[in-house]
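Observations on the three-dimensional arrangement
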Amino acid sequence: METTDDSNAINDGEENYSKQTEWIMGIDEAGRGPVLAAMVYGACICPESKLDALKQTGVFDSKQLTDEKRRNLFQMIQSCPYLEWLVDAIPADWMSSNMIQQNRYSLNEISHESAMNLIQMTLDNGYRLKHVYLDTVGDSQAYEKRLINRFMGYDVRFTVSSKADALYPVVSAASICAKVTRDDIMQRWQFIEPHLAIKNYTQTSSSAEKKTEEASWMGIGYPGDEKTKQFMQQQCDKVFGYPSIVRFSWQTAKTIMDERCAPVTFSDQTAVNNLAKWGFSTAGKQTAKRSKFYREQNLKLVFDDPF
């Protein structure tokens, strides 16, 4: 986010806009459903007096725009003297880890926290938010109530609405910021897995060689996309599962891993050996068998069991 203070106000040739101007904020996400790459939350703030001008720029729901049109509008947002924007990219592996841990986060909770963090960052930067518009995630009334409770003490109004990205230009602008950022993450992904590093994007590529969303070898990331289907089938390792770009908690990934990966049974060896240490017999208790995959590959432990 580009920030200004009252002594260095934004000037669009007509008016000055300081942080104490009444600002309107829109928030939207891109990539909630895909099985690949980050979910990105975007936010855009606009002085209330410039909302009509923003509408005239042609911003609209990013999902209804071509990639070229989105990128042109994103450049406009970046250079516009009266707009500010910021994004929060939530990595695929972080999302999945938090969604399957013991104290699980739901996707809705992750979404709510991301949106609220964007609002808090804007307030912490000194902007006087008057109204925040957000797309519905879960129950709209419950979401709105949660926002009101979280930001009690700030004089901010909240509107949570279905299809907000098609109703409010400031949300449309946020949607464009989120969508273009997610597309860039997909197209410029740097694999940390050695066997996939050859696929990494390089900035030395000419414009004609740069992968577009449609031409990407991973597809667009949605489970129904043909290239994404091929990627999911080809990149599942029998032992290690998927590379970090995959949301391994998604049912699409789980189904393939259940079919392809070596089954592993985790047994509580510590409890068994602790009983034996105190003289209790464990002779009648069966120990868990090693996975068939490890037996077939003749793989053995390289250290003694410390218990």
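Here the structure is shown first, and the text comes after it.
Residues numbered from 1 in each chain as written. Predicted model: local features only at pLDDT ≥ 70, side-chain atom pairs only at ≥ 80, totals over all residues. Heavy atoms only, no water.

**Some points on the pattern of salt bridges**
- The final tally for this structure, using the stated rule, is eleven salt bridges.
- Linking Lys130 and Glu22 is a salt bridge whose minimum nitrogen-to-oxygen distance equals 3.6 Å. With Lys130 in strand β6 (residues 129-135) and Glu22 in the loop between β2 (16-17) and β3 (23-30), the pair connects residues that are 108 residues apart, well separated along the chain.
- In this structure, Asp67 and Arg71 form a salt bridge, with 3.2 Å as the shortest nitrogen-oxygen distance. With Asp67 and Arg71 both in helix α2 (residues 67-79) and four residues apart, the pair spans about one turn of that helix.
- Its relative accessible area of 22% is what places Arg71 among the partly exposed residues.
- Here the residues in one salt-bridge network are Asp67, Arg70, Arg71, Lys179, Asp183 and Asp184, joined through shared partners. (Salt bridge = Lys/Arg side-chain N within 4 Å of Asp/Glu carboxyl O. Helix = DSSP H or I, 4+ residues; strand = E, 2+ residues; numbered from the N terminus. Buried < 20%, exposed > 50% of the residue type's maximum accessible area, 1.4 Å probe, protein only.)

**What about the nonpolar core?**
- Judged by nonpolar contacts, the single largest core of 68 residues is most densely connected at Met25, Ile27 and Ile119.
- By residue number, the principal contributor to this core is helix α7 (residues 169-187), which donates eight residues.
- Residue contacts for Met25: discarding those within four places in its chain leaves Ala43, Cys44, Ile45, Leu86, Leu118, Ile119, Thr122, Leu129, His131, Val132, Tyr133 and Val170. (Core = buried A, V, L, I, M, F, W, Y, C linked by side-chain atoms within 4.5 Å. Contact = heavy atoms within 4.5 Å.)

**Some thoughts on unusual backbone geometry**
- Even without being a glycine, Ala37 presents a positive backbone phi close to 70°.
- Take Ala37: it is sitting in the loop between β3 and β4 (39-47).
- A relative accessible area of 1% places Ala37 in the buried class.
- Even without being glycine, Lys163 reaches a positive phi, approximately 60°.

**Let's talk about the sheet that holds β6**
- Taken together, five strands build an open sheet; the order of strands is β5-β4-β3-β6-β7 and the sheet is mixed. A strand with exactly one partner marks an edge of an open sheet, and here the two such strands are β5 (84-90) and β7 (157-161). Put simply, the sheet's adjacent strands are angled 15° from each other on average, direction ignored.
- Relative to β7, β6 runs parallel, the two sharing five bridges. What sits directly across from Val132, in β7, is Phe158.
- Sitting on the sheet, helix α5 (residues 140-150) touches β6 and β7, and the angle it makes with β7 is about 160°. (Pairing = 2+ DSSP bridges. Axes fitted to C-alpha atoms, helices over the stretch in contact; angles between N-to-C directions.)

**Observations regarding the environment of Met116**
- With respect to the helices and strands, the residue Met116 is situated in helix α4 (residues 107-124).
- Relative accessible area serves as the criterion here: at 1%, Met116 is assigned to the buried category.
- With residues up to four places along the chain from it excluded, the contact list for Met116 reads Arg146, Leu147, Arg150 and Phe151.

**Comments concerning the side chain of Asp165**
- Mapping Asp165 onto the fold places it in helix α6 (residues 164-167).
- Here Asp165 falls in the buried class, since its relative accessible area comes to 4%.
- In contact with Asp165, not counting residues within four places along its chain, are Asp28, Phe60, Asp61, Lys63, Val171, Ser172 and Ser175.

**What to know about the pairing of β7**
- Judged by how many residues are buried, β7 sits mostly within the fold: four of five residues are covered.
- Taking the sense of rotation as the criterion, the β-α-β connection linking β6, α5 and β7 turns out right-handed. (Right-handed = clockwise from strand over helix to strand, strands pointing away.)

**Details of the packing of aromatic side chains**
- One pass over the structure, following the stated rule, counts eight aromatic pairs.
- Cluster of aromatic residues (ring-pair linked, three or more members): Trp189, Phe191, Trp217 and Phe231.
- Positioned above the aromatic ring of Tyr82, the side-chain terminus of Lys50 is 4.9 Å from the ring centre.
- Stacked on the ring of Trp250, the Lys or Arg Arg247 has its end atom at 4.9 Å from the ring centre. (Phe/Tyr/Trp six-rings, centres within 6.5 Å; stacked < 30°, edge-to-face > 60°. Lys NZ or Arg CZ within 6 Å of the ring centre and 35° of its normal.)

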